[in-house]
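Structure assessment
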Amino acid sequence: AQSVAQPEDQVNVAEGNPLTVKCTYSVSGNPYLFWYVQYPNRGLQFLLKYITGDNLVKGSYGFEAEFNKSQTSFHLKKPSALVSDSALYFCAVRADDKIIFGKGTRLHILP
Amino acid sequence: DTGVSQDPRHKITKRGQNVTFRCDPISEHNRLYWYRQTLGQGPEFLTYFQNEAQLEKSRLLSDRFSAERPKGSFSTLEIQRTEQGDSAMYLCASSEGRGIGQYFGPGTRLTVT
């Protein structure tokens, strides 16, 4: 079965420090991978996607993600965190014609 | 605003009542998806349409749930005889082509009392 795992329920990072939000996946075939962000009482906002090509994918708001096929990982990263990055982040994989989401990781950026 | 819109944004209803939600996708998108998100979980797929055809339904979609997209544009999701377990955020998304990139609406938060 195709699935996504986000091993951390919450990540705390000091403002200005680099951040990483972890994600591993399990799919058959080549993966289509995504990161979404959700602010309180809001829908999901698309951050970035990996379909093919460079393993380092750049997205919105300074975020990037690194695809690692051997480790089946797709970690989200940002070189310098902002307080406004505090939100709920979802890793997702496309399976057939739908998207399967992880449980989410709550990111707290401490001022 | 040309994004995905959903109406209403919030709905409070009593157990046993019927509710209907509406989703208006991005105008050129032929695919429309419904997801449900409960507290502390990621969104879970419910169903999707390509144009007016409903192509797949999740096992989560019980007989009390029905979705339509009659003209291949907006869609409605109806829940009959609501139960407290139906309380959730209902998210709509749309995409073009094969749905690789899905764009989400703001969601409808349903509370069943």
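A short tour of the structure in this document, coming up. Here the residue numbers are simple positions, counted from 1 along each chain's written sequence. By the order in which they are written, chains take letters starting at A while ligands take numbers starting at 1. Residues qualify for local features only when their pLDDT is at least 70, as the model is predicted, and side-chain atom pairs are given and counted only at 80 or more; totals for whole chains, interfaces and linings, by contrast, use all residues. Note: side-chain values were computed over all heavy atoms of the structure, leaving out hydrogens and water.

**Notes on the state of the cysteines**
One way to say it: the disulfide is the covalent bond shared by the sulfur atoms of two cysteines. The disulfide definition used here is simple: a pair of cysteine sulfur atoms within 2.5 Å. What the rule picks out here adds up to 2 disulfides over all chains. Between C23 of chain A and C91 of chain A runs a disulfide, and the two sulfur atoms are separated by 1.9 Å. Disulfide C23 of chain A to C91 of chain A: torsion about the S-S bond roughly -65 degrees, handedness left-handed. Here the residue C23 of chain A occupies a position in the loop between β3 (19–21) and β4 (24–26), and C91 of chain A occupies one in strand β10 (residues 87–95), the gap between them amounting to 68 residues. Burial classes follow relative accessibility: with a 1.4 Å probe on protein chains only, a residue under 20% of its type's maximum area counts as buried, one over 50% as exposed, and anything between as partly exposed. Judged by relative accessible area, which is 0%, C23 of chain A ranks as buried. Here C23 of chain B engages in a disulfide with C92 of chain B; their sulfurs sit 1.8 Å apart. A run of DSSP states H or I qualifies as a helix once it reaches four residues; a run of E qualifies as a strand once it reaches two. Both are numbered from the N-terminal end.

**A closer look at the interface of chain A and chain B**
For an interface, size is often stated in terms of accessible area lost upon the parts coming together. Contacts are assigned to residue pairs that have any heavy atoms within 4.5 Å of one another. Residue-level contacts link 17 residues of chain A with 23 residues of chain B. For any pair of parts, buried area is found by adding up, for both, the accessible area (1.4 Å probe) each one loses once the two are put together. When the two sides are added together, the surface that chain A and chain B hide from each other amounts to roughly 1700 Å², 52% of it contributed by carbon and sulfur. Every case where a carboxyl oxygen of Asp or Glu lies within 4 Å of a side-chain nitrogen of Lys or Arg is listed as a salt bridge. Along the contact surface separating chain A from chain B lie 1 salt bridge. Side-chain atoms alone can form a polar contact between residues adjacent in sequence; in general such a contact is a pair of N or O atoms within 3.5 Å, and within protein one must be able to donate a hydrogen while the other accepts it. Across the chain A-chain B interface, the total number found is 5 residue pairs in polar contact (both at pLDDT 80 or more). Elements with a minimum of two residues in the side of chain A that touches chain B: β5 (33–38), β10 and β11 (98–101) of chain A. The residue inventory of the side of chain A that touches chain B, partitioned by class, reads 8 nonpolar, 4 polar and 5 charged. Amino acids are sorted into nonpolar (Ala, Val, Leu, Ile, Met, Phe, Trp, Tyr, Cys and Pro), charged (Asp, Glu, Lys and Arg) and polar (every other residue, Gly among them).

**With respect to the packing of aromatic side chains**
Residue and element names in this part refer to chain B. The aromatic pairing rule takes the rings of Phe, Tyr and Trp, using the six-membered ring of Trp, and pairs them if the centres are within 6.5 Å, calling planes under 30 degrees apart stacked, those over 60 edge-to-face and the rest tilted. Following the criterion strictly, the structure yields 18 aromatic pairs over all chains and no others. Between Y35 and F45, the aromatic rings sit 6.0 Å apart at their centres with planes inclined by 75 degrees, giving edge-to-face as the arrangement. Residue Y35 is found in strand β4 (residues 31–37), and its partner F45 is found in strand β5 (residues 44–50); the two are separated by 10 residues along the sequence. The exposure class of Y35 is buried, given its relative accessible area of 0%. Judged by relative accessible area, which is 8%, F45 ranks as buried.

**So, the sheet that holds strand β7 (residues 65–68) of chain B**
Residues and elements named next belong to chain B. Whether two strands pair comes down to DSSP finding at least two bridges between them. One open sheet accounts for 4 strands, arranged β1-β3-β8-β7; its pairing is antiparallel. Either end of the sheet is taken by a strand with one partner, and the two such strands are β1 (5–7) and β7. Between one strand axis and the next, the sheet turns by 15 degrees as a mean value, whatever way the strands run. With 3 bridges connecting them, β1 and strand β3 (residues 19–24) associate as antiparallel partners. Directly across from S5, in β3, lies its bridge partner D24. Working convention: axes come from line fits to C-alpha atoms, limited for helices to the stretch in contact. Angles between N-to-C directions cover 0 to 180 degrees.

**A word on the nonpolar core**
All names here are of chain A. In this text, buried Ala, Val, Leu, Ile, Met, Phe, Trp, Tyr and Cys residues form a nonpolar core when linked through side-chain atoms within 4.5 Å. Counting 26 residues, the largest nonpolar core has L19, W35, L47, L48, F74, L76 and Y89 as the members making the most contacts within it. The set of elements that each furnish at least two residues to this core consists of β2 (10–14), β3, β5, β6 (44–50), β8 (64–68), β9 (73–78), β10 and β12 (105–110). If one sorts the elements of this core by residue count, β10 sits on top with 4 residues. L19 has contacts with V13, F63, L76, K77, K78, A81, D85, L107 and I109, leaving out every residue within four places of it along the chain.

**Some remarks on unusual backbone geometry**
Cis geometry marks the peptide bond from D7 of chain B to P8 of chain B; its omega dihedral reads -5 degrees. Note on placement: P8 of chain B falls in the loop between β1 and β2 (10–13). Look at T72 of chain A: it is not a glycine, yet its phi comes out positive at around 45 degrees. Here T72 of chain A is to be found in the loop between β8 and β9.

Honestly, it's all geometry; don't read function into it.
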